[in-house]
Amino acid sequence: MNNTIINEKLSLSQKLEILSDAAKYDVACTSSGVERKGDGKNMGNSAACGICHSFAADGRCISLLKILMSNECIYDCKYCVNRSSNDVVRATFTPDEICKLTYEFYRRNYIEGLFLSSGIIDSPDNTMKLLYETLYKLRNVYKFNGYIHVKGIPGADPVLVEMIGYLADRMSINLELPTGDGLKKLAPHKNRKNILTPMKNIQYGISTGRGILGIEDKYKRIDEVAVKDTDIVGVKRAGRYFVPAGQSTQMIIGATDESDYHIVTIAENLYKKFDLKRVFYSGYVPINEDKDLPALGTPVPLLREHRLYQADWLLRFYDFSAGELLSENHPNLNTDIDPKCDWAVNHLEEFPMEINYVSYQKLLRIPGIGVKSARRIVSARRYGRLDFEDLKKMGVVLKRAVYFITCNGRMMYNTRMETDYITRQLTYSDKESMKAGTDIYVQMQLPIY
């Protein structure tokens, strides 16, 4: 099959169908994280509350214009649908085609931003030059002022990464697989150093740029930024500072045999060392037949992916550490209950906590209490003592919280502080049994064919 001939015959709509479908496996597409109002000269703006999303057929949340520049690739990563050895129809957008699509979709209010990634066309440098040309034209020729998230290409010239960083709102470099050994096994053309180096460069550019410019507000714009001279003509000013919405990365889950403990520990280190905004977890979809991969037909580990996102949330906003959630003796997240509940039932010595006295940091560790409800509790108890009805009005999820709290020295129900008992209650949520304080026994059901 001659891919060049196919590309010449494909219409723009056919390319869009192919390259938007090819982008669905890349989950690192989130709300913008940057606030930028229209300036009266350029088209569009970017709202920190988030860009538009849609849901793909497999349940993943994606941006309305989420595309690859090309699904052609020189690499043969075993887990990738676009690997060079796969017999798939190939297509490549030109920079002008992407600009036209983005411009016309935005004008029609179909999208509020662009997520752009690509396979490797000829070389990492060549691919990054094409991505840069696309972003440069969008910003300076089409006057597009909306949100842009672009994937950096590992192994590309750091200068090209820097130049794109002054045009994009967010950048991300995919970690691909959790460990270097996994990468060596499934993607031998890639190496961990080529991935971590641009991540470090982006982090340095973000922190250095803000420090030099004295920018306190991470969303604040500037009028002009000097960038390095390169062989690409026309780079004189950027109009924004370097990657204002920060960087993120993605790990494929289930293609290799790392435990959840290993994955969460790696994520924790990435947050600490690279100041990432997000680590995304993508449950591996068996699309290629290979002895080193899960067999075709293996279920996508969506529940595991969900639990990892919940654990990630605890790392970022609830001051948990990876070592508190998991350990070598407890290496995988509980699929029956969420990570916060699992931690609580395994640390009953910390409970019950008196809601009227416990500190804000302790409140965050109680299942059913989030950041907003914890703040409301701290604020409201200055004026009086709280009871269970007050907590319900504040948004506390009592069906989880009641096992771990007291109000004015009493629990809501006659709850036994036993790990197995509370775990069963959290799993099955039998309200009548909860009130009676009795055990729950569930009859196993056989599938009906």
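Every value quoted in this text rests on a predicted model; they were computed, and no experiment measured them.

Visitor: Explain the packing of helix α8 (residues 260–274) against helix α9 (residues 302–317) to me, please; I cannot follow it from the model alone.
Guide: Between two packed helices, both the angle of their axes relative to each other and the distance between the axes serve to describe the pair. Close contact between α8 and α9 brings their axes to 11 Å; oriented N to C, the two are set at 40 degrees. By the criterion of interaxial angle, the relationship of α8 to α9 is oblique. For the crossing formed where α8 meets α9, the hand is right-handed. Across the interface between the two elements, Asp260, Ile263, Val264, Ala267, Glu268 and Tyr271 from α8 touch Arg304, Leu308, Ala311, Asp312, Leu315 and Arg316 from α9. Split by residue class, the contact of α8 with α9 holds seven nonpolar, no polar and five charged.

Visitor: Can you walk me through the pairing of strand β8 (residues 278–283) in this structure?
Guide: The side chains of a regular strand alternate between both faces of the sheet. Of all six residues in β8, six are buried; the element is thus mostly enclosed. Side chains of β8 alternate between two faces, with Arg278, Phe280 and Ser282 and Val279, Tyr281 and Gly283 buried alike. Of the strand pairs in this sheet, strand β7 (residues 247–253) and β8 are connected by six bridges, and their pairing is parallel. Pairing of Ser248 across the sheet is with Arg278, part of β8. Between β7 and its parallel partner β8, the chain crosses via α8, and the hand of that crossover is right-handed.

Visitor: Just checking my understanding: could you explain the side chain of Ser373 for this structure?
Guide: The topology assignment puts Ser373 in helix α13 (residues 371–380). By relative accessible area, Ser373 is classed as buried at 4%. There is a polar contact of 2.8 Å between the side chain of Ser373 and the backbone nitrogen of Gly370. In contact with Ser373, not counting residues within four places along its chain, are Met394, Gly395 and Val396.

Visitor: What's the story with the pattern of salt bridges in this structure? I'm lost.
Guide: Proximity of charged atoms lets side chains of opposite charge pair with each other. The tally for this structure, following the rule as stated, stands at 16 salt bridges. The closest approach of N and O atoms between Lys137 and Asp96, which form a salt bridge, is 3.2 Å. Of this pair, Lys137 sits in helix α4 (residues 124–140) while Asp96 is found in helix α3 (residues 95–107), placing the two residues 41 residues apart along the sequence. Note that Arg316 is salt-bridged to Asp312, the shortest N-O span being 2.8 Å. Highlighted residues: Arg316 and Asp312, both in helix α9, separated by four residues, approximately one helical turn. Several salt bridges share partner residues, and in doing so they unite Lys78, Asp290, Lys291 and Asp292 into one network.

Visitor: I would appreciate a short explanation of the pairing of strand β4 (residues 113–117) in the present structure.
Guide: Counting buried positions over the five residues of β4 gives five, a clear majority of the element. The side-chain alternation of β4 yields two buried faces, one formed by Gly113, Phe115 and Ser117 and the other by Leu114 and Leu116. As judged from the three bridges shared by strand β3 (residues 66–68) and β4, these two strands associate in the parallel manner. Opposite Leu68, over in β4, you have Ser117 as the bridge partner.

Visitor: I would appreciate a short explanation of the packing of aromatic side chains in the present structure.
Guide: To describe a pair of aromatic rings, one takes the distance between the centres and the angle between the planes. Within this structure, the stated rule accounts for ten aromatic pairs. For the pair Tyr132 and Tyr136, a centre-to-centre distance of 5.8 Å together with 35 degrees between the ring planes defines the contact as tilted. Residue Tyr132 and its partner Tyr136 are located together in helix α4, separated by four residues, close to a single helical turn. For Tyr136, a relative accessible area of 23% corresponds to the partly exposed category. Seen in terms of ring centroids, Phe320 and Trp343 are 5.3 Å apart; in terms of plane orientation they differ by 85 degrees. Their pairing is edge-to-face. Placement of Phe320 in the loop between α9 and α10 (322–325) and of Trp343 in helix α11 (residues 339–345) is noted, with a sequence separation of 23 residues between them.

Visitor: Which parts of the structure should I look at to understand helix α5 (residues 158–165)?
Guide: In an α-helix, one turn spans 3.6 residues, which is why side chains three or four residues apart end up on the same side. Counting buried positions over the eight residues of α5 gives six, a clear majority of the element. Listed in full, the buried residues belonging to α5 are Leu160, Val161, Glu162, Met163, Ile164 and Gly165. Among the residues of α5, the N-terminal cap falls to Asp157, whose side-chain oxygen and the backbone nitrogen of Val159 are separated by 2.9 Å.

What counts as what
- Residues numbered from 1 in each chain as written.
- Predicted model: local features only at pLDDT ≥ 70, side-chain atom pairs only at ≥ 80, totals over all residues.
- Heavy atoms only, no water.
- Axes fitted to C-alpha atoms, helices over the stretch in contact; angles between N-to-C directions.
- Helix = DSSP H or I, 4+ residues; strand = E, 2+ residues; numbered from the N terminus.
- Parallel < 35°, antiparallel > 145°, perpendicular 65-115°, else oblique.
- Left-handed = near helix turned anticlockwise from the far one by under 90°.
- Contact = heavy atoms within 4.5 Å.
- Nonpolar A, V, L, I, M, F, W, Y, C, P; charged D, E, K, R; others polar.
- Buried < 20%, exposed > 50% of the residue type's maximum accessible area, 1.4 Å probe, protein only.
- Pairing = 2+ DSSP bridges.
- Right-handed = clockwise from strand over helix to strand, strands pointing away.
- Polar contact = N/O pair within 3.5 Å; in protein donor to acceptor, adjacent residues only side chain to side chain.
- Salt bridge = Lys/Arg side-chain N within 4 Å of Asp/Glu carboxyl O.
- Phe/Tyr/Trp six-rings, centres within 6.5 Å; stacked < 30°, edge-to-face > 60°.

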